[in-house]
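# Results of the structural survey
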Amino acid sequence: DFETTTSYDLTVRATDGTTPDTEVITITITNVVITVTDTSANLAETAANSAAVVTVSATGDDDIAYVWSITAGNTDGDSDGNLPFAINAGTGAITVNDADDLDFETTTSYDLTVRATDGTAADTEVITITITDVAPTVTDTSANLAESAANSAAVVTVSTSGDDESLTWSITAGNTDGDGDSNLPFAINADTGAITVND
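Residues numbered from 1 in each chain as written. Predicted model: local features only at pLDDT ≥ 70, side-chain atom pairs only at ≥ 80, totals over all residues. Heavy atoms only, no water.

## Remarks on the overall build of the protein
Stated formally: Comment: elements are numbered from the N terminus, with helices defined as DSSP H or I runs of at least four residues and strands as E runs of at least two. Atoms counted for the radius of gyration: C-alpha only. Globule rule: 2.2 Å times residue count to the power 0.38. For the exposure calls, accessible area comes from a 1.4 Å probe over protein chains only, and a residue counts as buried if that area is under 20% of its type's maximum, exposed if over 50%, partly exposed in between.
If you tally the helices and strands in the protein, you get zero helices and 16 strands. Taking 16 Å as the expected radius of gyration for a compact globule of 199 residues, we find that the protein reaches 32 Å, considerably beyond that expectation. Over its C-alpha atoms, taken along the principal directions, the protein stretches across nearly 125 × 25 × 20 Å. Per-residue burial for the protein yields a buried fraction of 25% across its 199 residues.

If you want it as structure tokens, here you go:
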């Protein structure tokens, strides 16, 4: 093991039964090169904090545990001081650290530079985490409204499951102008999904 013994000085003896001779020969142990395995993974943009992403591995020195780190590419997309990914220094397991950074519409992939070291030698590899798009799904919502409701009265706020980042809401059908005055009966807040009485 290079990390514990870098060389051996062996005293070798040869004899013909009468006259011996000895010589010290040195066996130098060379450190095995570490090679981080090129690994990629796909991750849904709706993944939660602590969700498993991928476990990276390396070949080389099997007698010692590697120390793992992410040295580049772990960009804080929402600038809140929390990086999107974390790596377990002992196992190489990468997990989601800040789910708020995961948004397909702003970042479709992360090229993480991952480093493994045995304390002497080290290797790095760029691995790609591809963020997959998750479509929003409008929640089936119904509401009751008195016919005497006034303009701007709250009706219902529509919600979604799946991707809830930067949604734009609109009413695309069924909002019929019953009295023909060119004012539709309902309006929806484009940012929040809140439906109110318009006419």
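## Notes on the sheet that holds strand S8 (residues 85–87)
Selection rule: Two strands pair if DSSP finds at least two bridges between them. Whenever a helix is involved, its axis is fitted only over the stretch in contact; in every case the axis is a line through C-alpha atoms, and angles between N-to-C directions fall within 0 to 180 degrees.
Strand order in this open sheet of three strands is S5-S9-S8, and the pairing throughout is antiparallel. In the strand order of this sheet, the two ends are held by strand S5 (52–55) and S8, each with one partner. Put simply, the sheet's adjacent strands are angled 20° from each other on average, direction ignored. With three bridges joining them, S8 and strand S9 (residues 93–96) adopt antiparallel strand pairing. Along S9, the bridge assignment pairs Phe85 with Val96.

## Some words on the packing of aromatic side chains
Put simply, the test is: Note on ring pairs: Phe, Tyr and Trp rings are taken, using the six-membered ring of Trp, and paired if centres are within 6.5 Å. Classes follow the plane angle, with under 30 degrees stacked, over 60 edge-to-face and the rest tilted.
Under the defined criterion, the tally for this structure stands at two aromatic pairs. Both rings, one in Tyr66 and one in Trp68, keep their centres 6.2 Å apart while their planes meet at 80°; by these two values the pair is edge-to-face. Assigned by exposure class, Tyr66 and Trp68 land together as buried. A centroid spacing of 5.1 Å and a plane angle of 85° characterise the contact between Phe85 and Tyr110, whose relative ring orientation is edge-to-face. Separated by 25 residues along the polypeptide, Phe85 in strand S8 and Tyr110 in strand S10 (residues 109–117) bring together distant segments of the chain. Classification of Phe85 as buried rests on a relative accessible area of 3%.

## Here we look at the sheet that holds strand S4 (residues 41–44)
The strand order S4-S11-S10-S7 describes an open sheet built from four strands, whose pairing is mixed. At either end of the open sheet lies a strand with only one pairing partner, and these are S4 and strand S7 (67–72). Strand-to-strand twist across the sheet, computed as the mean angle between neighbouring axes with direction ignored, equals 35°. As defined by bridge partners, S4 adjoins strand S11 (residues 122–132) across four bridges and the pair is classed as parallel. Note on S11: the bridge partner recorded for Asn42 is Thr130.

## Remarks on the confidence of the model for the protein
Threshold: Each residue carries a pLDDT value, the predictor's own confidence for that position, ranging from 0 to 100.
For the protein, mean pLDDT is 91; residues scoring 70 or higher make up 98% of the total. The least confident element of the protein, judged by mean pLDDT, is strand S3 (residues 35–36) at 82; the most confident is S8 at 98.

## Here we look at the environment of Leu83
Where we set the bar: In this description, contact between two residues means that some pair of their heavy atoms is separated by no more than 4.5 Å.
Its place among the elements puts Leu83 in the loop between S7 and S8. Note on Leu83: relative accessible area 39%, which makes it partly exposed. Each C-alpha atom of the pair Leu83 and Asp101 lies 7.7 Å from the other, and the pair is 18 residues apart in sequence. Apart from residues lying up to four places away in sequence, Leu83 is in contact with Asn74, Asp76, Asn97, Asp98 and Asp101.

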